Amino acid sequence: MPYIEQQALYEQYRFDEPWDGPNNRKLADRMPRLYQFHAATKPGSTTTNYLAVVGDETVWNAAKKVHTGDVTDGLSTTILIV
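Residues numbered from 1 in each chain as written. Predicted model: local features only at pLDDT ≥ 70, side-chain atom pairs only at ≥ 80, totals over all residues. Heavy atoms only, no water.

1. Focus: unusual backbone geometry
Only a minority of non-glycine residues have a phi that is not negative, and only a minority of peptide bonds are not trans.
Right, on to step 1. One non-glycine residue, Glu-5, adopts positive backbone phi at about 60°.
Right, on to step 2. Relative to the helices and strands, Glu-5 is located in the segment before α1 (7-12).
Right, on to step 3. For Glu-5, a relative accessible area of 75% corresponds to the exposed category. (Helix = DSSP H or I, 4+ residues; strand = E, 2+ residues; numbered from the N terminus. Buried < 20%, exposed > 50% of the residue type's maximum accessible area, 1.4 Å probe, protein only.)

2. Re the environment of Asn-49
Right, on to step 1. Its place among the elements puts Asn-49 in the segment after α2 (22-27).
Right, on to step 2. Look at Asn-49 and you get partly exposed, because its relative accessible area is 30%.

3. Here's the deal with the packing of aromatic side chains
Right, on to step 1. Going through the model one piece at a time under the given rule, you end up with 2 aromatic pairs.
Right, on to step 2. Between Tyr-10 and Phe-15 the ring centres are 5.3 Å apart and the planes differ by 55°, which places this aromatic pair in the tilted class.
Right, on to step 3. Since its relative accessible area comes to 57%, Phe-15 is described here as exposed.
Right, on to step 4. In textbook terms, an aromatic cluster arises when at least three aromatic residues are bridged by ring pairs, as seen for Tyr-10, Tyr-13 and Phe-15. (Phe/Tyr/Trp six-rings, centres within 6.5 Å; stacked < 30°, edge-to-face > 60°.)

See below:
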């Protein structure tokens, strides 16, 4: 979010809790329009069309922080967001 001029919102997000945890849930209505589902016409919509595959063998691993150097099959062949 810092790259889309949302630094203040980024700083309020807690990365040590789930995306829908107590603090982060309060931020949902401030989701940048860029991330909203493109067909959403209702103001304040928190539906997105971006998804991440999560799990032990993915870069979205809740148990450990994954760095770009940990991706051994090449970044150009790795899907982060669908």
